[in-house]
Amino acid sequence: MRRSIATVCLSGTLDEKLAAAARAGFDGVELFEADLVNSPLAPAEVRALAEHLGLTIDLYQPFRDFEAVPEPDLRRAEAKFEVMVQLGADTLLVCSNVSPEAIDDDDLAAEQLHALAERASQHGLRIAYEALAWGRHVNEYDHAWRIVQAADHPALGTCLDSFHVLSRGTDLDAIAGID
C-alpha cells in the first residue's frame, strides 16, 4: 500500500513540506497548487526535489468550477496538464462545482467530465472527480460516482476524501460498489 499526504496538510514552504513528508515515511504527495504558485521552484525543480527525497507527486489539486457550466474552460485545463507533465503528476483532482453559475444537470456534468478526461488521456493523465461537502449541486461521494459512471471514460474516476465524505454523514455502504 502506498501512502501519500496532501501538501496543504503540512506547514512551511513547499521544499520544507516535501522534506517533512519524506522524513515521515510517505511515498508521495498530493501537490496543492497554492504551494507550487508560492514556491520559487519551477515545476521541473519540484519534481527533481521530490524524486531526490524519494517521493512521487501523485496528484495535482485542485481544479475548480469546471463541470456543469454553460462553457467549460478547456484552455485552463490544458495549462494545468502542461504543469502536471513537468511535475510528473499523473492525476488532476477536479472538485465539484461551487460556482453560482453551475447548472444542476448530471448529464451535462458527465459530458463535460468525459471531454476533460479525453483531453487528459491525450497527455497520459487521469482525472479524479471529488464531491466537495459544500458543492453547489454535487456534494456527496455517491452522487459524484454516478456522474463518473455516466461519463464512462477510463481516465476518469472518483476521489474519496474522508473529510468530504464523513462531514456530510452520507451512508458509507455505497463505497463498496466503487471500482
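For the structure, see preceding data.
As the structure is a computational prediction, the values presented were derived from the model and not from experiment.

> When you look at the packing of helix H5 (residues 106-121) against helix H6 (residues 141-151) in this model, what are you seeing that I'm missing?
Each pair of packed helices can be described by the angle between their axes along with the distance between the axes. As a packed pair, H5 and H6 sit with axes 8 Å apart at the nearest point and diverge in direction by 60°. On the basis of their axis angle, the class for H5 and H6 is oblique. For the element pair H5 and H6, the recorded crossing hand is right-handed. Contacts between H5 and H6 involve Asp-106, Ala-109, Ala-110, Leu-113 and His-114 on the former and, on the latter, His-143, Ile-147, Ala-150 and Ala-151. Taken together, the residues of the contact of H5 with H6 sort by class into 6 nonpolar, 2 polar and 1 charged.

> I would appreciate a short explanation of the pattern of salt bridges in the present structure.
Once their charged atoms are close, side chains differing in charge can pair, the charge on each being opposite to the other. This structure, assessed with the given rule, holds 8 salt bridges. For Glu-51, the salt bridge identified is with Arg-47, shortest N-O distance 3.3 Å. With a gap of 4 residues between them, Glu-51 and Arg-47 both fall in helix H3 (residues 43-52), about one helical turn apart.

> Please clarify how a negative patch on the surface should be interpreted in this entry.
Together, Asp-104, Asp-105, Asp-107 and Glu-111 make up a region of like negative charge exposed at the surface. Along the chain, Glu-111 turns up in helix H5.

> How should I be thinking about the side chain of Gln-112 in this particular structure?
On the secondary structure map, Gln-112 appears in helix H5. Judged by relative accessible area, which is 5%, Gln-112 ranks as buried. In contact with Gln-112, other than residues within four places in its own chain, are Phe-66, Glu-67, Ala-68, Val-69, Pro-70 and Pro-72.

> Help me understand unusual backbone geometry, please; the structure alone is not making it clear to me.
Keep in mind that most residues, glycine aside, have a negative phi and that most peptide bonds are trans. Across the junction of Gln-61 and Pro-62, the peptide omega takes the value -15°, indicating a cis bond. Mapped onto the fold, Pro-62 is located in strand S3 (residues 56-63). Even without being a glycine, Ala-68 presents a positive backbone phi close to 60°. Looking at the element boundaries, Ala-68 is found in the loop between S3 and helix H4 (74-87). Overall, the relative accessible area of 5% leaves Ala-68 in the buried class. Positioned with a positive phi, Asp-152 is a non-glycine residue whose angle comes to about 50°. Counting through the fold element by element, Asp-152 comes out in the loop between H6 and strand S6 (156-158).

> Hey, could you run me through the sheet that holds strand S5 (residues 126-130) in this one?
Working definition: the strands of a sheet are paired by backbone hydrogen bonds and lie parallel or antiparallel to each other. With parallel pairing, the 6 strands of this open sheet are ordered in space as S1-S2-S3-S4-S5-S6. Pairing within the sheet leaves two strands with one partner each, and these edge strands are strand S1 (4-6) and S6. Averaged over neighbouring strand pairs, the angle between their axes works out to 25° when direction is ignored. Of the strand pairs in this sheet, strand S4 (residues 91-95) and S5 are connected by 5 bridges, and their pairing is parallel.

> Just to check I follow, could you spell out the nonpolar core for this structure?
One recurring pattern in soluble globular proteins: nonpolar side chains tend to sit buried together. Judged by nonpolar contacts, the single largest core of 44 residues is most densely connected at Phe-81, Leu-116, Ile-127 and Tyr-129. Setting aside anything within four residues of it in sequence, one finds Ile-127 in contact with Phe-81, Leu-92, Val-94, Leu-116, Ala-117, Ala-120, Ala-155, Leu-156 and Gly-157. Membership of the second largest hydrophobic core comes to 5 residues, among which are Leu-59, Cys-95, Ala-128 and Leu-132.

Calculation notes
Residues numbered from 1 in each chain as written. Predicted model: local features only at pLDDT ≥ 70, side-chain atom pairs only at ≥ 80, totals over all residues. Heavy atoms only, no water. Axes fitted to C-alpha atoms, helices over the stretch in contact; angles between N-to-C directions. Helix = DSSP H or I, 4+ residues; strand = E, 2+ residues; numbered from the N terminus. Parallel < 35°, antiparallel > 145°, perpendicular 65-115°, else oblique. Left-handed = near helix turned anticlockwise from the far one by under 90°. Contact = heavy atoms within 4.5 Å. Nonpolar A, V, L, I, M, F, W, Y, C, P; charged D, E, K, R; others polar. Salt bridge = Lys/Arg side-chain N within 4 Å of Asp/Glu carboxyl O. Patch = residues over 30% accessible without salt bridge, like charges linked within 9 Å, V, L, I, M, F, W, Y side chains within 5 Å. Areas by Shrake-Rupley, 256 points an atom, 1.4 Å probe, with all protein chains shown as cover. Lys, Arg positive; Asp, Glu negative; His and termini not counted. Charge placed at Lys NZ, Arg CZ, Asp CG, Glu CD. Buried < 20%, exposed > 50% of the residue type's maximum accessible area, 1.4 Å probe, protein only. Pairing = 2+ DSSP bridges. Core = buried A, V, L, I, M, F, W, Y, C linked by side-chain atoms within 4.5 Å.

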